[in-house]
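Structural description and commentary
This is what each chain is made of:
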Amino acid sequence: MTENVNKRINEGNKMDITTTYLGLKLKSPIVCSAGPLSEKISNIREMEDAGASAVVLYSIFEEQIEQDQLEFYHHTSIHTESFAEATSYFPEPFDFKLGPEEYLDHIRKAKEAVNIPIIASLNGKSIGGWTDYAKKMEQAGADALELNIYLLPTDIHKSGSEVEKTYIEIVKAVKSSVKIPIAVKMHPFFSSTSWMANELSKAGADGLVLFNRFYQPDIDLETLDVVPNVILSTPMAMRLPLRWIAMLYGRINADLAATSGISSAEDVIKMMMVGAKVTEVLSSLLKYGIGHIADITSNLKNWMEEKEYESIEQMRGSMSYMNVDNPSKFERANYMKVLSSYK
Amino acid sequence: MERNKVTIDGNEAAAYVAFNTNEVIAIYPITPSSNMGEWCDAWAAVNKKNIWGMIPSVSELQSEGGASGSVHGALQTGALTTTFTASQGLLLMIPNMFKIAGELTSTVFHVSARSIAAQALSIFGDHSDVMATRSTGFGLLSSNSVQEVMDFALIAQAATLEARIPFIHFFDGFRTSHEVMKIEELSLEDMKAMIDDELVIAHRKRALTPDYPVMRGTAQNPDVFFQGRETVNPFYNACPAIVQKHMDKFAKLTGRQYNLFDYVGSPDAEKIVIMMGSGSEAAEETVNYLISKGEKVGLLKVRLYRPFSIDPFIKALPKTIKLIAVLDRTKEPGAGGEPLYLDVVNAISEKYMAGELQFSFPKIVGGRYGLSSKEFTPAMVKAVFDNLSKDKPKAHFTVGIIEDVTNSSLDFDINFSVESSETFRGKFYGLGADGTVGANKNSIKIIGEGTDYFAQGYFVYDSKKSGSTTVSHLRFGPKEIKSTYLINKAKFIACHQQVFLEQWDMLKDASEGATFLLNTKVPKEQVWDSLPEKVQKDLINKKMKFWIIDAYKVGDETGMGVRINTIMQTCFFAISDIFPQEKAISMIKDSIKKTYGAKGDKIVQMNFNAVDQTIANLFEIKVPDKVTSKLQMQPAVSGNAPDFVKEVTAKIIAGEGDLLPVSKMPVDGTFPLTTTRWEKRNIALEVPVWDIETCIQCNKCVIVCPHATIRAKIFDEKELAGAPPTFKYTKYKSKDYGEGLYYSLQVAVEDCTGCSLCVDVCPAKNKKETKLKAINMAEQIPIREQERANWDFFFNIPDLDRKIVAVSKVKDSQFLEPLFEFSGACSGCGETPYVKLVSQLFGDRTIIANATGCSSIYGGNLPTTPWAANKDGRGPAWSNSLFEDNAEFGYGFRLAIDNHNLHAKELLKSFAAEIGNDFVDALLKADQKDEAEIYEQRERVDTLKKKLNDLLKARASGKSSDIKHLLSLADYLVKKSVWIMGGDGWAYDIGYGGLDHVLASGKNVNVLVLDTEVYSNTGGQCSKATPRGAVAKFAAAGKPGAKKDLGLMAMSYGNVYVAKVAMGANDQHTLRAFLEAEAYDGPSIIIAYSHCIAHGIDMGLAMHNQKAAVDSGYWPLFRFNPDLEKEGKNPFKLDSKGLKIKLKDYAYMETRYKMLTKSHPQHAEELIKEAQEDVIKKWKDYERIAAYDPAKEETSGQ
């Protein structure tokens, strides 16, 4: 931890910025979101030093694990035993770690490296053997799991309710295999987000993370190829979770976590006010560096001091659907008014 | 003591003992010994320890010469040291072996004995290499089976320490080195009991050390050298008894008693055979059989061949002997007899002369057998005994071949068999890619480890790298197996590819009542009618059982794809009744867990699923009693093939090469070109199909095709007369060669390997469906017939006149005929597009020196070879000398050609008056800088020859010598291009010294380095071209050092043309470099990025890997042309833009790098970081060189 960062944190006043999430007591509502930064243990240490209250590790993908296994199997076996001079082309590694082992090692190392909770992130799309990985992550020392169910329904014969059922079953399957809390990272494309959130909560989700950003592909006109195109979240992206957290706060059992576009103390405050337990940040760290967490934390405390808030708890949900003077502003009317303001 | 039973091959058995009883291991790959080094490297990588609790130090050297040098050094400094080798590798060790033996140094070299290249190279087994070391002073200890390999490895190690005589412990390459056998494993305690630590310490004490300094390696003069050489005699005299002592000690430990000479057979035998090696097993089997029939025969197995100890030898012979046949597995042309024969004659003669022979002097004949793993069967052993029974036994005979030139061969009865009826014998025909051999190795392990049975597996591969066929031979049963030969009376035959039924008469080896398992897509109701007539007849006449499975269907449904190993293995266990079905399945599943556990749950589950699905898809077909089929076996080549191809090549293709008599073989290893053209392999399931509408006629698909199966031509409308109805052509879009021309792109679908590189590089996309390109893959079978006709028609359309082709453009260059076609290289090979390009650009005037390696195998391994002649009969003349000497070999070509050229010019000048000054002047001064000028010179040479012939007629005989000389040399007035080709193993490692010398010579040779960054041909061992961070064999923990910059080293000479190319990144750049290299009048070297199956990549997409390598800056494209310097310019041009992507974005496209992230993640991270730093540093260095401006330097210097 650099001296400057230390100084910035210590300079803050004694505001209580602690929070709880998934039953974990956290020193602040700023959690690092799943992403490439957590692939390095040194970054995780830096996150803790900068004041992050927990780290969600990068996601391990069901397809990736299987893909890796199939790929290694294919490339190391396909040309074997075909030719007298060379019955194989690779040394046979005696301690190969394919599948989640590499990730499990990473959890162990992260736990050794820092004192803040480590939340493992599991990304899957079907009910299958991969849910066993949840158990292994628990054994490796993960404090909680973030379940990122990535199911893009392309089958025109599959109804919305069938798709929803799959989500719920996956959550139930994982929940039944572990004792640690699980959060579900939702996407905003269900026909009834509120109902779905409640069902996931009933299925065992201890928390809901709003929302997953599906990467949207682009087209390269030169090569006529479909290309993945990663765009970092913009501040505008936070409006969507802001509304839905406001709507869900106090109405379901699961804790709510906000993600997408959170980059400043103001953003964190807004999310707390609509009812989030924590905010997950990533894009702004990729943009400004991990030290940005310290800035957000310090600004948060300053703001609270200035506005005389004693604790996060005090502001939590204060601007939620149930606690604002005109809840319909969170609903469709909001949109109508925006339009009319142009007239 | 109860010991482990293991089912392993001979190489693993030797390596196991060698690893455990040595401290330093120096290795270098050579077939069939490479696996011994691989095992040791892999064990060291996981910190396995030897019997002293230390991890042996395992190091790869640059050659066997280097390995033996390091062994010598480590021995001289007191370490227990070993190495593994064979064939030419052993020959390269000979100089050091003389020294090691001369200095009485204890060591054991483990040698999987292999043929030495003579009229041809052969990777297979005989004793030629070991016999070539007889004079080195090494002891020679022969083991005959996998069990003996393990046992003798230890006995040799124990004996060498006491005797101070170094040993070669040898066993037959392939037959023993690759035979999988169930054996008893020696324990570490056994090794500790056999190795005397006092002797180890004594060995260490003899080390050179500055603490007690002595010197060795002095030079001695005539006065004392002789005496010095004789000092070792007592050691050699004592050695046999020491070996026997350790054999006796070993017997007490294990119960297996060996002797210097082991006699088996009747105690009162009159006829015996004396031999060593795996053939002794078959001989013992036969002797036992003949004794059971009442014959008095015997076999003497020679264990310790050097030092040859006469007394024990004579003692081991039965006193009743009258006739001896000595069998040698080697040939010494011109000798009075082969080595073992001479030793036997000598031993008996000496004893006879000393009056110590206790029996009458027997009749002794010698014979040769089994060269290059030629089969040696009981039928042949019987023929040897039958020969002895004749009044005048044939001496210096051969057995196993038809030697009809000097008639040395013995006849034998091919149907003679001595195999026990209790032994199960199964033969399995598979494709390399389908996993058949792997499955059978696994089955043998399951049976070996799950029962008390003896078990043996042996595997035969064909010589192609793509679409190769494998035959597995499995034996097991309650009786000890000594059948060291292929199965010819099978109780079970499995055909894993139905197409084989038309190629091979596989049921001829089925015994009565045998089971036949066929993998077929044909439904069970129709399968009988789909079989060839011969197969139906055999099934009926031999009362066989017949089962079928659609393994491809099961493969598709379970995700196994074409890898049907587990499926076919399950079928075998399900119907062969070795175990109850339930038990068999549970054993297969256990074995799957063991084999694939480390490869992930998904793979285990996939295989489990395949096992379960198999049973439901396996059906017995009741064999009808009537033949219904008219389907006949396919001829190996078409009737239009040349006579040699029909009479010789076709027989080899059909698997009948063993039957070819000596008279059919060329006497000096000279073979005709253009033979792959006649072997239609039909190995691709899918082939490219041209879409005329989308095509932009860029010919990128043609240049990239590794097998020259996709070709483009442009032609006049008149050539279309008689075109088959489905022949495709269109208007040629360019007017460069005139108006109204047509263009056609044709695929030789029967020769295509289906790699799909062409589709991937095609830049044109269909405007309506972007997934389609101008060529797209489609099923081969439905279009095979029509495309065969289209290819034949296309092939006969004349090629564009070489004189007018604008060769410097990719598109145009691809109208040149390839003279390297349809090779057996791997599907999607990264080397062959470069090789083919040389053949297109310069093939009609090229002579090629090819280093041993992949390119010499796909380039020169029988039956068919890809180098071809054009319609004028010209084409690349090709030869392979050795691995290490290739640059020097090609240099020799240049020297001779230059000499011939000079001689021709001198002679020509002397004829100026007679044949015309101007004409001679034109011949002498021809530039020959392009195709047109070369053509003109050829015309002149033709005229010259006519003129000379006229002169010859006019001159009186006796005065025509100079004319005849000039006639024989006239063709050398036409430019000849020398190409020296080989892989990185040659150029960076074993051949580097020679390459460096040839580059320094200033001579006009062109070197093409096909850089796959590993020893591809021997299975992916590390070379100095292997990049930092990549996993390779002998670098199982990732290559720690950076790749050697061969280009920069070559540039340092200043007068060498150097280029680094990658066709997948820039084909135009590649083409330009090849043209410049050839045009440069001096040495040139091109280092060509050659993707390879040993990289663990999708070969159909490999050009992307090439591009990424260049974009990352790892593989900078450049050209260094000394001619530019003469023009006052910077000779170096950096032709690519590097550092566009990170190194890992390229590297982690490939399994060779990615693998390390899974086995040693931390180490992988460090290495890739260092490798990235290498790239940046190197790139900056290159940029600096490229920025150099000689003009400015000159100014500033003034």
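Note that the structure is predicted; figures quoted are calculated from it, not measured. (Residues numbered from 1 in each chain as written. Chains lettered and ligands numbered in written order. Predicted model: local features only at pLDDT ≥ 70, side-chain atom pairs only at ≥ 80, totals over all residues. Heavy atoms only, no water.)

Things to note about the overall build of chain B
Along its length, chain B carries 44 helices and 38 strands. Computed over its C-alpha atoms, the radius of gyration of chain B comes to 32 Å, within 12% of the 33 Å expected for a compact globule of 1198 residues. The buried share of chain B, taken over its 1198 residues, is 60%. A separation of at least 24 residues holds for 77% of the contacts in chain B among residues at least 6 apart in sequence. Treating the 141 positive side-chain charges of chain B as one cloud and the 149 negative ones as another, the clouds have centres 1 Å apart. (Helix = DSSP H or I, 4+ residues; strand = E, 2+ residues; numbered from the N terminus. Rg over C-alpha atoms; globule rule 2.2 N^0.38 Å. Buried < 20%, exposed > 50% of the residue type's maximum accessible area, 1.4 Å probe, protein only. Contact = heavy atoms within 4.5 Å. Lys, Arg positive; Asp, Glu negative; His and termini not counted. Charge placed at Lys NZ, Arg CZ, Asp CG, Glu CD.)

Points about the overall build of chain A
Counting secondary structure elements, chain A contains 13 helices and 12 strands. The C-alpha atoms of chain A give 22 Å as radius of gyration, which agrees with the globular expectation for 343 residues (20 Å, within 12%). Taken along the three principal axes of its C-alpha coordinates, chain A extends 80 × 55 × 50 Å. A burial count over chain A gives 55% of its 343 residues as buried.

Focus: the sheet that holds strand E21 (residues 510-519) of chain B
All names here are of chain B. Strand order in the open sheet formed by nine strands is E1-E8-E18-E19-E17-E20-E21-E22-E23, with mixed pairing between adjacent strands. Of all the strands in the sheet, just strand E1 (5-9) and strand E23 (618-621) have a single pairing partner and so form its edges. Neighbour to neighbour, the strand axes of the sheet diverge by 20° on average, direction disregarded. Bridge count for strand E17 (residues 424-431) against strand E20 (residues 490-495) is four bridges, and the pairing is parallel. When the bridges of E20 are listed, Tyr-429 appears paired with Cys-495. This element, helix H1 (residues 10-20), spans E1 and strand E8 (180-184) of the sheet and lies at about 115° to E1. (Pairing = 2+ DSSP bridges. Axes fitted to C-alpha atoms, helices over the stretch in contact; angles between N-to-C directions.)

A few points about the sheet that holds strand E9 (residues 261-265) of chain B
All names here are of chain B. A sheet is described by the order of its strands in space; here seven strands give the open sequence E9-E11-E10-E13-E14-E15-E16, paired in mixed fashion. Two strands close off the open sheet at either side, each with one partner strand: E9 and strand E16 (409-410). Pairing analysis gives five bridges linking E9 to strand E11 (residues 297-302), with the strands arranged antiparallel. Residue Gly-265 lies in a different strand from E11, and its bridge partner there is Gly-298. Sheet contacts for helix H13 (residues 339-353): strand E10 (271-275), E11, strand E13 (323-328) and strand E14 (363-369); angle to E13, the most-contacted strand, approximately 145°. Each of E10, E11, E13, E14, strand E15 (397-399) and E16 touches helix H14 (residues 378-389); the most contacted strand, E10, lies at about 130° to it.

Details of the confidence of the model for chain A
Residue and element names in this part refer to chain A. For chain A, the average pLDDT comes to 88, and 90% of its residues sit at 70 or higher. Across chain A, element-level confidence peaks in strand E3 (residues 30-32) with a mean pLDDT of 97 and bottoms out in helix H1 (residues 3-11) with 48. With pLDDT under 50 throughout, residues 1-12 is counted as low confidence; its partners more than four residues away or in other chains account for 14 contacts. (pLDDT = per-residue confidence, 0-100.)

Observations concerning the packing of aromatic side chains
Residues and elements named next belong to chain B. Overall, the coordinates contain 56 aromatic pairs over all chains when judged by the stated rule. Linked through ring pairs, Phe-424, Phe-428, Tyr-453, Phe-476, Phe-492, Phe-572, Phe-573 and Phe-579 together constitute an aromatic cluster. Residue placement shows Arg-475 over the ring face of Tyr-485; its charged tip is 5.0 Å from the ring centre. Its end group placed over the ring of Phe-795, Lys-871 keeps NZ or CZ at 5.4 Å from the ring centre. (Phe/Tyr/Trp six-rings, centres within 6.5 Å; stacked < 30°, edge-to-face > 60°. Lys NZ or Arg CZ within 6 Å of the ring centre and 35° of its normal.)

Here we look at the packing of helix H20 (residues 565-576) of chain B against helix H22 (residues 601-616) of chain B
Residues and elements named next belong to chain B. Contact geometry for H20 and H22: axes closest at 9 Å, N-to-C directions at 45°. One finds that H20 runs oblique with respect to H22. Seen from above, H20 lies across H22 with right-handed handedness. Residues Thr-566, Ile-567, Thr-570, Cys-571 and Ala-574 of H20 pack against Asn-607, Ala-610, Val-611, Thr-614 and Ile-615 of H22. Taken together, the residues that form the contact of H20 with H22 break down as six nonpolar, four polar and no charged. (Parallel < 35°, antiparallel > 145°, perpendicular 65-115°, else oblique. Left-handed = near helix turned anticlockwise from the far one by under 90°. Nonpolar A, V, L, I, M, F, W, Y, C, P; charged D, E, K, R; others polar.)

Let's talk about the confidence of the model for chain B
Confidence in the prediction of chain B, expressed as mean pLDDT, is 96, and 99% of residues score 70 or more. Taken together, the chains of this predicted complex give a pTM of 0.93 and an interface ipTM of 0.93.

Let's talk about the pattern of salt bridges
Residues and elements named next belong to chain B. As enumerated under the stated definition, the model contains 97 salt bridges over all chains in all. One salt bridge in this structure joins Arg-425 and Glu-419, with 3.7 Å as the shortest N-O distance. In terms of burial, Arg-425 and Glu-419 fall into one category: buried. Three or more residues joined by partner-sharing salt bridges are found here, namely Arg-802, Asp-844, Arg-845, Glu-931, Arg-938, Lys-975 and Glu-1078. (Salt bridge = Lys/Arg side-chain N within 4 Å of Asp/Glu carboxyl O.)

Focus on helix H15 (residues 436-450) of chain B
Its 15 residues place the ends of H15 of chain B 20 Å apart at the C-alpha level, agreeing with the 21 Å of an ideal helix rising 1.5 Å per residue. Of all 15 residues in H15 of chain B, 11 are buried, a share of seventy percent or more. (Expected span 1.5 Å × (residues − 1).)

Focus: the interface of chain B and chain A
With 60 residues of chain B at the contact, the number on the chain A side is 38 residues. Our count for the chain B to chain A interface comes out at eight salt bridges. When the shortest N-O distance is used, the salt bridge between Asp-68 of chain A and Lys-1158 of chain B registers 3.1 Å. Counting across the chain B and chain A interface gives 19 residue pairs in polar contact (both at pLDDT 80 or more). Counting only elements with at least two residues in the side of chain B that touches chain A, the list comes to helix H2 (34-45), H15, H22 and helix H42 (1151-1159) of chain B. If you tally residues by element for the side of chain B that touches chain A, the top one is H42 of chain B, at seven residues. (Polar contact = N/O pair within 3.5 Å; in protein donor to acceptor, adjacent residues only side chain to side chain.)

Some words on a positive patch on the surface
On the surface, Lys-40 of chain A together with Lys-1142, Lys-1144 and Lys-1169 of chain B cluster together into a patch of positive charge. By the secondary structure assignment, Lys-40 of chain A is in the loop between E3 and helix H2 (41-50). By relative accessible area, Lys-40 of chain A is classed as partly exposed at 47%. (Patch = residues over 30% accessible without salt bridge, like charges linked within 9 Å, V, L, I, M, F, W, Y side chains within 5 Å. Areas by Shrake-Rupley, 256 points an atom, 1.4 Å probe, with all protein chains shown as cover.)

A few points about unusual backbone geometry
Each neighbour pair has its own omega, and for Thr-31 of chain B with Pro-32 of chain B the value is 0°, a cis peptide bond. For the bond running from Leu-862 of chain B to Pro-863 of chain B, omega is 10°, close enough to zero to count as cis. Inspection of the secondary structure puts Pro-863 of chain B in the loop between helix H29 (854-860) and strand E30 (877-879). A positive phi angle is found at Glu-308 of chain A, which is not glycine, with a value near 60°. Inspection of the secondary structure assignment puts Glu-308 of chain A in the loop between helix H11 (292-307) and helix H12 (312-315). Taking relative accessible area as the criterion, Glu-308 of chain A reaches 67% and is therefore assigned exposed. Positive phi outside glycine occurs at Gln-928 of chain B, with the angle close to 55°. Mapped onto the fold, Gln-928 of chain B is located in the loop between helix H32 (917-925) and helix H33 (931-954). Owing to a relative accessible area of 7%, Gln-928 of chain B belongs among the buried residues under this scheme.

Topic: H2 of chain B
Residues and elements named next belong to chain B. With 12 residues, H2 extends 17 Å from end C-alpha to end C-alpha; this agrees with the ideal 16 Å at 1.5 Å per step. Taking burial as the measure, the 12 residues of H2 include 10 buried ones, the bulk of the element. Along H2, the residues that are buried comprise Ser-34, Asn-35, Met-36, Gly-37, Glu-38, Cys-40, Asp-41, Ala-42, Trp-43 and Ala-44. Asn-47, located one to two residues past H2, shows a positive phi value of around 60°.

Things to note about the pairing of strand E25 (residues 710-715) of chain B
All names here are of chain B. Counting buried residues in E25 gives six out of six residues, a clear majority hidden from the surface. When E25 meets strand E27 (residues 742-747), the two strands line up antiparallel, connected through six bridges. For Ile-710, the partnering residue across the bridge sits in E27 and is Val-747.

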